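Summary of structural features
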Amino acid sequence: MRVAIIGSGPAGFYAAEALLKRADAVVDVDMFDRLPTPYGLVRGGVAPDHLKIKTVIRVFATTAARPTFRFLGNVRLGRDVTVEELRRHYHQIVYATGNEADRRLGIPGEGIARCTPATVFVGWYNGHPDYRLAQIDLSVRRVAVVGNGNVAVDAARILLRTSAELEKTDIAAHALEALRNSQVREVFILGRRGPEQASFTPAELKELGKMEAADPVIAPGELAGCVGWESTGNADKDKNLKILRSFAAQQPRAKAKKLHLRFLVSPTEVIADAAGNVAGLALEKNRLEARPDGTVAARGTGEIEVLEVGMVLPAIGYAAERIAGVPYDEKARVIANEDGRVVDPASRAVIANEYVVGWARTGPQGLIGEHKRASAHVVGHMIADGAELATRALPDRDAIVSLLRERGLQVVSFNDWKQLDDVEVVRGARRGAPRDKIVDVEAMLAVLAQR
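All figures in this text were calculated on a predicted structure; none of them were measured in a lab. Starting afresh in each chain, residues are numbered from 1 along the sequence in its written order. Per-residue local features of the predicted model are confined to residues with pLDDT of at least 70, and side-chain atom pairs are confined, for both listing and counting, to 80 or more; whole-chain, interface and lining totals are unaffected and use all residues. Heavy atoms throughout the structure, all of them, feed into the side-chain values; hydrogens and water do not.

1. Comments concerning the packing of helix α15 (residues 414–429) against helix α16 (residues 441–449)
Convention followed: All axes here are fitted lines through C-alpha atoms, helices being fitted over the stretch that makes contact, and every angle between N-to-C directions spans 0 to 180 degrees. Every helix listed is a DSSP run of H or I at least four residues long, and every strand listed is a run of E at least two residues long, numbered separately from the N terminus. Note on terminology: angles under 35 degrees are roughly parallel, angles over 145 are roughly antiparallel, angles of 65 to 115 are roughly perpendicular, and the others are oblique. A contact between two residues is defined here by any heavy atoms of the two lying within 4.5 Å. Note that Gly is not counted as nonpolar here; it falls among the polar residues with everything else outside the nonpolar set of Ala, Val, Leu, Ile, Met, Phe, Trp, Tyr, Cys and Pro and the charged set of Asp, Glu, Lys and Arg.
Two numbers describe how α15 lies on α16: the axes approach to 10 Å, and their chain directions differ by 105 degrees. With respect to α16, the element α15 is oriented roughly perpendicular. Contacts between α15 and α16 pair D416, Q419, L420 and V423 from the former with M444, V447 and L448 from the latter. Class assignment for the residues of the contact of α15 with α16 results in five nonpolar, one polar and one charged.

2. Quick look at the nonpolar core
Heads up, the condition is: Side-chain atoms within 4.5 Å are what join buried Ala, Val, Leu, Ile, Met, Phe, Trp, Tyr and Cys residues into a set we call a nonpolar core. Throughout this description, buried means an accessible area under 20% of the type-specific maximum (1.4 Å probe, protein chains only), exposed means over 50%, and partly exposed covers the range between.
Judged by nonpolar contacts, the single largest core of 49 residues is most densely connected at Y125, V143, V187 and L208. For this core, the elements supplying multiple residues, two or more each, are α6 (118–125), β6 (142–146), α7 (150–160), α9 (173–180), β7 (186–190), α11 (235–249), β9 (257–262) and β13 (311–314). When residues in this core are grouped by element, the largest group, seven residues, is from α7. Filtering out sequence-adjacent residues up to four positions away, Y125 remains in contact with A47, P48, D154, A155, I158, I171, A172 and A175.

3. A few points about helix α4 (residues 57–64)
Rules: Think of it as the arc spanned by the lines of direction from the helix axis to the C-beta atoms.
Taken together, the buried positions of α4 are F60, T63 and A64. Viewed along the axis of α4, the buried residues span an arc of 100 degrees, placing them on a single side of the element. Projecting away from the buried face of α4 at angles above 90 degrees are the exposed residues R58 and T62. Structurally, α4 contributes buried residues whose contacts are with α1 (10–20), α2 (41–44), β3 (69–73) and α15.

4. Observations concerning the environment of V83
In this structure, V83 sits in helix α5 (residues 83–89). Sequence spacing of V83 and A324 is 241 residues, and the spatial spacing of their C-alpha atoms is 7.9 Å. Residues within four places of V83 in sequence aside, it is in contact with L77, I93, Y95, A324, G325, V326 and E354.

5. What about the packing of aromatic side chains?
Rules: Pairs were defined over the aromatic rings of Phe, Tyr and Trp, the Trp ring being its six-membered one, requiring ring centres within 6.5 Å. Orientation was assigned from the angle between planes: stacked under 30 degrees, edge-to-face over 60, tilted for the rest.
Counting across every chain of the model gives eleven aromatic pairs. Plain terms: the ring middles of F71 and F414 are 6.3 Å apart, the flat faces sit at 85 degrees to each other, and that makes the pair edge-to-face. Of the two residues, F71 sits in strand β3 while F414 sits in helix α15, which places them 343 residues apart along the sequence. Note on F71: relative accessible area 3%, which makes it buried.

Okay, here's the thing in structure tokens:
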């Protein structure tokens, strides 16, 4: 059986691993990515100071070394190859395209200068080619990060790290230089609900108390009303509350930068100065209301305050991008599916032999390691559905590569990627970092053309 996997992030690699390890099926896997570089979110989304998390690429490299695996980088579905063409060349297709779009606040002033989606900021400091030219103005002293998830925590932490802390990481060189000259002294993380409902993980939260030159600050009253020392019934929430209480009890260092953790506030307007740049953020105070199912919702009280900040980074979630020819669920903003089987978004009828894994299936939820089980679950469907598929004759396996090259594409193999990897590692060694990323696709292709 021959399978195309679209996207080379964790969910895609875990699906490839599950397919290639099957004892009851012989599978050839071709993994496509629109970039010349593999690993998706691990390379372009995981914070540069989280080096341990990035070691998962060793597992993915082992999968890529299997003889029945091929990586076809620098190929974009919908532009360089169509879904119909993939259907002719493969028995099954797996979409592992992740969530590359951001969710918006939907408030007045959101589009003004220095109000930048956290997706852009994260891509910029990680050297993602899409965001390498983003204009990130760090001449301001105060920044608001809207959201209570791990992305918000990552963005705040990177803004407040010292140059010495960052230069040992694989942060993009352009971001490192900008952060060296940053004037940011205070960052505010803003959550619309309470501390018990925050979605950051304890490990991420705890890191905020370990920065060399910045201290977490929680004002009196921010934790008021949350559960006492007794259990909330959720181990992670209990840990978060304990960490937050420890932050509230600490005395901030006099000269340290400040990370303010605020709860029960929702932005209602981004306020501009005379030049059209961010000057402040209007916040409405919220209260929590219990729903019939036991969950709580944040409701505005009408009480408004203005927080003076020079930059706003909304970090309220990601969404899947639409891809030509791929069914899309407009409401959930994911590839339309039922338990990983792609469906028509209107009729919900299953589209045979097409599947989806990772965030493109579920939306932005779950840590990297959790995708292994989830991708294997979808692969179980594929094997069950594909018992007779291998009898369908396909063009020669190399026909797809020939087709792409006829269109003038420089298809990047996994061996090509390893050459780029070697170059980045050598560049990084000059500053004592694991790598210094090449952030321009044309520059990557030029390097390969010379080797």
